[in-house]
Amino acid sequence: MGRVMKRLRKIIFPAAGHGTRFLPATKASPKEMLTIVNKPLIQYAVEEALEAGLNQVIMVTGRGKRAIEDHFDVSFELETVLRNNGKQDKFEEVSQISRMVEIVYLRQKMALGLGHAVRCAEHWVEDEPFAVSLADELIIGDVPAMAQLREVFERTHCSVLGLMEVPREHVSRYGIVAYEREADGLFRLVDMVEKPSPESAPSCYAIVGRYIFTPRLMKILRHAVPGTNNEIQLTDSIARLAKEETVYGVVLQGQRFDAGTPLGFLLANATLGLANPQFGPEFRKHLLGLLDR
Ligand code: G1P
């Protein structure tokens, strides 16, 4: 009889990348701290995880990423000033961030690839299932993306990846899957390849930075070797996992923004800015004025 799977409660946020697609903004500030309207990307991602019941958080950071730790810490001076000045609303908003979640931080000393970043958390994960979330992919929908994955994981006890269809000319930016469609709409992943050319891509379904894994993935990552771009790719180890166990893909519902690129970032800000109840209508007026020119 198989062993009973432990409860899913851990999530890894790899946040050690150089943010090369967003230079020079990311020269001295982490790309995870890029702001959509008034909140950094990493806070959106942590809130999404908490809404899916994932409250044991590990951030894999690197040099120059201190701002992330400060963001989720108590800001004693700021909180004192806000309170003394009677700005109770702002005080609540700021202090709530430090109470939101306990985070373990560890450093990936060299940016050797996403697979390597995830492997850095091996001892912390032990033999539990775990999620991975890439904060530069912002996904907004009625049901948080991680909760959509969790629903499939709880039902199947299998690893599950968030997918979205992308134009064929964009496949070389992503991990792309080969799949067989099951009766209930789930994709059973038979293979996947990191950043294929449009001609060689097995489909147009991309892995969009939301994952839940059985503990087996960590064991496979131990033996991972560099792949595309000479980096230890997470995708290669998931492909191996899919040869050993069932791995599902689920097409995520919601709007996705690749906010780690300038265009995706602008689109995310425009979309969430327009939806903002406080200043959305005024923002719309300004944008329409610009478009009329
Ligand atoms: C990473 C993954 C890739 C995935 C993408 C989603 O690539 O390696 O499989 O499709 O995130 O954003 P990166 O964007 O780090 O190059």
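Figured I'd write up the structure that's included with this text. A quick note: this is a predicted structure, and the numbers were derived from the prediction, not measured.

The subject of this paragraph is the environment of I220. Tracing the sequence through the fold places I220 in helix α8 (residues 216-222). In the structure, I220 is positioned 20 residues away from R240 in sequence and 7.5 Å away in space, judged by C-alpha atoms. Residue contacts for I220: discarding those within four places in its chain leaves S237, R240, L241 and E244.

Here we come to the packing of aromatic side chains. Tallied over the entire structure, the rule returns six aromatic pairs. Between Y179 and Y205, the ring centres sit 5.5 Å apart and the planes meet at 90 degrees, which makes this aromatic pair edge-to-face. Of this pair, Y179 sits in strand β9 (residues 175-181) while Y205 sits in strand β11 (residues 205-213), and the two are 26 residues apart along the sequence. Looking at Y179, the relative accessible area reads 27%, which means it is partly exposed. Classification of Y205 by relative accessible area gives buried; the value is 12%. Taken together, a centroid distance of 5.5 Å and an interplanar angle of 25 degrees make the contact between Y211 and F213 stacked. For the pair Y211 and F213, a shared accessibility class is recorded, and that class is buried.

If you trace the backbone, N229 turns up in the loop between α8 and α9 (234-244). In this structure, the C-alpha to C-alpha distance between N229 and G113, residues 116 residues apart in sequence, is 9.0 Å.

Once that is clear, we can look at the pattern of salt bridges. Counted according to the given criterion, the structure contains 21 salt bridges. Here K6 and D127 are joined by a salt bridge, their closest N and O atoms 3.1 Å apart. Within this pair, whereas K6 is found in the segment before β1 (10-14), its partner D127 is found in the loop between α6 (122-125) and β6 (130-133), the two being separated by 121 residues in sequence. When its relative accessible area of 30% is taken as the criterion, D127 is described as partly exposed. Among the salt bridges present, the one from R256 reaches E137, with a minimum N-O distance of 2.7 Å. Of this pair, R256 sits in strand β13 (residues 255-258) while E137 sits in strand β7 (residues 137-140), and the two are 119 residues apart along the sequence. E137 gets classed as buried once you look at its relative accessible area, which sits at 7%. Residues participating in the shared-partner salt-bridge network are R21, K31, D136 and D258.

Turning next to the site of the ligand. The full set of residues close to the ligand is L114, L134, E137, Y174, G175, E194, K195, I207, G209, Q233 and T235. The side chain of K195 places a nitrogen or oxygen atom 2.7 Å from an oxygen atom of the ligand. When the ligand is considered free in solution it has 380 Å² of accessible area, and contact with the protein chains removes 82% of it. In terms of residue class, the shell around the ligand is made up of four nonpolar, four polar and three charged.

Time to look at the nonpolar core. Ranked by size, the top nonpolar core spans 36 residues in total, and within it F13, M59 and F72 carry the most contacts. Put simply, the parts of the chain that give this core at least two residues each are β1, α1 (41-51), β4 (56-61), α7 (145-156), β8 (159-165), β11 and β12 (247-251). For this core, the element with the most residues is α7, which contributes six residues. Once you skip the residues sitting within four places of it in the chain, F72 turns out to touch I42, Q43, V46, M59, I97, S98, M100, I103 and Y105. The next biggest cluster of nonpolar side chains, apart from the first, holds 33 residues, and it includes Y211, M218, I220 and L234.

A few words on the side chain of D136. Here D136 shows up in the loop between β6 and β7. Judged by its relative accessible area of 11%, D136 is buried. The contact partners of D136, leaving out residues within four places of it in the chain, are R21, K31, L41, F257, D258, A259 and G260.

What describes two packed helices is the angle between their axes and the distance between those same axes. Orientation of helix α10 (residues 262-274) relative to helix α11 (residues 280-292), taken along the N-to-C sense of each, is 125 degrees, at an axis distance of 8 Å. In terms of orientation, α10 and α11 fall into the oblique class. For the pair α10 and α11, contact is made by N269, A270, G273 and L274 and by G280, F283, R284 and L287, respectively. Looking at the contact of α10 with α11 residue by residue, the classes come out as four nonpolar, three polar and one charged.

Conventions used here
Residues numbered from 1 in each chain as written. Predicted model: local features only at pLDDT ≥ 70, side-chain atom pairs only at ≥ 80, totals over all residues. Heavy atoms only, no water. Helix = DSSP H or I, 4+ residues; strand = E, 2+ residues; numbered from the N terminus. Contact = heavy atoms within 4.5 Å. Phe/Tyr/Trp six-rings, centres within 6.5 Å; stacked < 30°, edge-to-face > 60°. Buried < 20%, exposed > 50% of the residue type's maximum accessible area, 1.4 Å probe, protein only. Salt bridge = Lys/Arg side-chain N within 4 Å of Asp/Glu carboxyl O. Near = heavy atom within 4 Å. Polar contact = N/O pair within 3.5 Å; in protein donor to acceptor, adjacent residues only side chain to side chain. Areas by Shrake-Rupley, 256 points an atom, 1.4 Å probe, with all protein chains shown as cover. Nonpolar A, V, L, I, M, F, W, Y, C, P; charged D, E, K, R; others polar. Core = buried A, V, L, I, M, F, W, Y, C linked by side-chain atoms within 4.5 Å. Axes fitted to C-alpha atoms, helices over the stretch in contact; angles between N-to-C directions. Parallel < 35°, antiparallel > 145°, perpendicular 65-115°, else oblique.

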